[in-house]
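# Results of the structural survey
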Amino acid sequence: MNVAETTRTFLGFFQDRGHQVIAGGSLVPPGDGPVLFTAAGMHPLTPYLDGGPPHPQGRRLTGLQRCLRTTDLGEVGDERHLTVFQMLGSWSLGDYGGPQSLRWGFELITEILGTKRDRLYATVFGGDGQLGPDLAAQRTWDELGVPVELTTDDNWWSNGPTGPCGPDSELFAWTGDGPPQGRPTTDERWMELWNHVTMRFRRHGDGRLEPLPRPNVDTGMGLERLLMITQGVPSVFGTDVFRPWMTALPALWQPDDLSLRLIADHLRASIVIIGDGVRPSSTGRGYVLRRLLRRVLTMLWRTDRSRTLGELPAGLLEHTLAQFGQDGDPELIRGILGDEERRFAELMTRGHKVLARFGRGWQPTSQDLSYLHQTHGLPPDLVTELLGEPGETRSRVLGR
Ligand code: SER
């Protein structure tokens, strides 16, 4: 099944069970809230999960939401973490409970999508000083024949320090070559696939938990991870959503395998972020975008300084926008990428010239860093990067 068929199957499964499909929203949450980017499928539903008004589409919902997690940036490049990804979700707003959600999840993953039961493991909230273990979830998995591991911190989901939260149960799939071994917390070849949160509390600023008037269920599963399992490939970068990237990039640059993954991830993320109206800048969302692009350019320039982002095939940009349900203009996005590339190239050239004055092995103090930033427009992280570069890379970046 390709990505479109898999998405249709997921949404159709829940539609057959009385759920309405909600439209995915922007990566940029509405209003002026504290959240920079939508990081979970449930973010746009927060008021309805938090005891607010009834949702206009009813109490059973399903959907696909683009998400961005800066918290995962350090892990991007491994088999399963991405900066921007899509999350399939199902929600019960005060309707059915956690056990029903787990049963449907199991049915979809095994009977419809074909994963063998012996390649699954579940984790369940094991209780803490305040609450007992989630016995209903544990009993459900027992009945379904899925082994269970109990944890505390890993099985509690919250939307932030305050707001709706609750115990969760995560379904893990085995991604190793041989037969499954160990447990989710002892063998990282168990990959977290689908999180089912029994969202039945509201956390207050003083840490107090208040039961919600209507308990909810919020589930989320990374689409790219699901494809990894259903398409039987060892990493998200081997799924059909990344195929055009893995063909187009090596035709232009020849990065090593890890850099290729990072470049594909960051460029794809940048296109989607720009598609949602963000522009590179020195603060907030624009700065996240700028950092992603600068990281890409630094890696690309190590392999071939003569190529530019303007050479990215239009089809690749179109594919990415379509994948994320965006109707952005590929040419406009290519122009923004090109402008940022030129700006960064100029900054690098200026940076090298300024830093050359200080000689080899120079260690700037925080005062030096602030001088370089204020007087020469060189941000501290760029200075650190430039000083850390081997001499050969510097010459290549400068085109000498
Ligand atoms: N909110 C939970 C998560 O993001 C389940 O959707 O994992």
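The following paragraphs examine the structure supplied in this document. (Residues numbered from 1 in each chain as written. Predicted model: local features only at pLDDT ≥ 70, side-chain atom pairs only at ≥ 80, totals over all residues. Heavy atoms only, no water.)

### So, the state of the cysteines
Summed over the entire model, instances satisfying the criterion amount to zero disulfides. Cys 67 takes part in no disulfide bond, and the closest cysteine sulfur, belonging to Cys 165, lies 19 Å away. With relative accessibility at 0%, the residue Cys 67 sits in the buried group. (Disulfide = S-S within 2.5 Å. Buried < 20%, exposed > 50% of the residue type's maximum accessible area, 1.4 Å probe, protein only.)

### Thoughts on the pairing of strand S7 (residues 163-174)
With twelve of its twelve residues buried, S7 lies for the most part within the structure. Pairing of strand S4 (residues 120-125) with S7, which is carried by five bridges, proceeds in the antiparallel orientation. If you follow Val 124 over to S7, its bridge partner there is Ser 169. Bridge analysis of strand S6 (residues 156-158) against S7 gives three bridges, and the strand direction is antiparallel. Note that in S7 the partner of Trp 156 across the bridge is Pro 167. (Helix = DSSP H or I, 4+ residues; strand = E, 2+ residues; numbered from the N terminus. Pairing = 2+ DSSP bridges.)

### Some points on helix H9 (residues 314-323)
The set of residues buried in H9 consists of Leu 316, Leu 317, Thr 320, Leu 321 and Gln 323. For H9, the angular spread of buried residues about the axis comes to 160 degrees, placing them on one side. The secondary structure elements touched by the buried residues of H9 are helix H1 (3-15), strand S3 (84-92), helix H6 (243-252), helix H7 (257-275) and helix H10 (330-356). (Arc of directions from axis to C-beta. Contact = heavy atoms within 4.5 Å.)

### Here's the deal with the site of the ligand
Residues in contact with the ligand, as listed here, are Ala 40, Met 42, Arg 69, Met 87, Trp 157, Asn 195, Val 197, Asp 218, Thr 219 and Gly 220. In the model, a nitrogen atom of the ligand is placed 2.7 Å from a nitrogen or oxygen of the Asp 218 side chain. Contacts to the ligand include Thr 219, whose backbone N or O atom sits 3.4 Å from an oxygen atom. Computed on the free molecule, the ligand has an accessible area of 230 Å², of which 96% lies beneath the protein chains in the complex. (Near = heavy atom within 4 Å. Polar contact = N/O pair within 3.5 Å; in protein donor to acceptor, adjacent residues only side chain to side chain. Areas by Shrake-Rupley, 256 points an atom, 1.4 Å probe, with all protein chains shown as cover.)

### What about the packing of H7 against H9?
Relative to each other, H7 and H9 sit at 65 degrees, their axes nearing to 10 Å. The two elements H7 and H9 meet at a crossing, and its hand is right-handed. Facing Arg 268, Ile 271, Val 272 and Gly 275 of H7, the residues of H9 in contact are Leu 317, Thr 320 and Leu 321. For the contact of H7 with H9, the residue count by class is four nonpolar, two polar and one charged. (Axes fitted to C-alpha atoms, helices over the stretch in contact; angles between N-to-C directions. Left-handed = near helix turned anticlockwise from the far one by under 90°. Nonpolar A, V, L, I, M, F, W, Y, C, P; charged D, E, K, R; others polar.)

### Topic: the nonpolar core
Ranked by internal contacts, the top residues of the largest apolar core, which has 91 residues, are Ile 109, Trp 141, Leu 193, Trp 194, Leu 249, Leu 267 and Leu 312. The element that contributes the greatest number of residues to this core is H7, accounting for ten residues. If we skip the residues at most four places from it in the chain, Ile 109 touches Gly 114, Thr 115, Leu 120, Leu 171, Leu 193, Trp 194, Met 221 and Leu 226. Counting twelve residues, the second largest nonpolar core, distinct from the first, contains Ile 22, Leu 61, Trp 91 and Val 197. (Core = buried A, V, L, I, M, F, W, Y, C linked by side-chain atoms within 4.5 Å.)

### Here's the deal with the pattern of salt bridges
A complete count under the given rule lists 16 salt bridges for this structure. Here Asp 206 and Arg 208 are joined by a salt bridge, their closest N and O atoms 3.5 Å apart. The class of Arg 208 is partly exposed, set by a relative accessible area of 44%. Among the salt bridges present, the one from Arg 342 reaches Asp 339, with a minimum N-O distance of 2.7 Å. With Arg 342 and Asp 339 both in helix H10 and three residues apart, the pair spans about one turn of that helix. Bridged by salt links that share partners, the residues Asp 50, Arg 202 and Glu 210 form one connected network. (Salt bridge = Lys/Arg side-chain N within 4 Å of Asp/Glu carboxyl O.)

### So, the packing of aromatic side chains
Overall, the coordinates contain twelve aromatic pairs when judged by the stated rule. A ring pair is formed by Phe 358 and Trp 362, whose centres lie 4.0 Å apart and whose planes are at 15 degrees; its orientation type is stacked. Residue Phe 358 is classed as partly exposed on the basis of its relative accessible area of 33%. Connected via pairs of aromatic rings, a cluster forms that spans Phe 10, Phe 13, Phe 14 and Trp 194. (Phe/Tyr/Trp six-rings, centres within 6.5 Å; stacked < 30°, edge-to-face > 60°.)

### Considerations on the environment of Ser 158
Relative to the helices and strands, Ser 158 resides in strand S6. Placed 41 residues apart in sequence, Ser 158 and Met 199 show a C-alpha to C-alpha distance of 8.6 Å. Residue contacts for Ser 158: discarding those within four places in its chain leaves Pro 164 and Cys 165.

### Considering the packing of H7 against H10
Contact geometry of H7 with H10 gives a least axis separation of 10 Å together with a crossing angle of 115 degrees. In the packing of H7 onto H10, the handedness of the crossing is right-handed. For the pair formed by H7 and H10, the contact residues are Ile 271, Ile 274 and Gly 275 on the first element and Ile 333, Ile 336 and Leu 337 on the second. Taken together, the residues that form the contact of H7 with H10 break down as five nonpolar, one polar and no charged.

It is worth stressing that arrangement in space is one thing and function is another; only the former is reported here.
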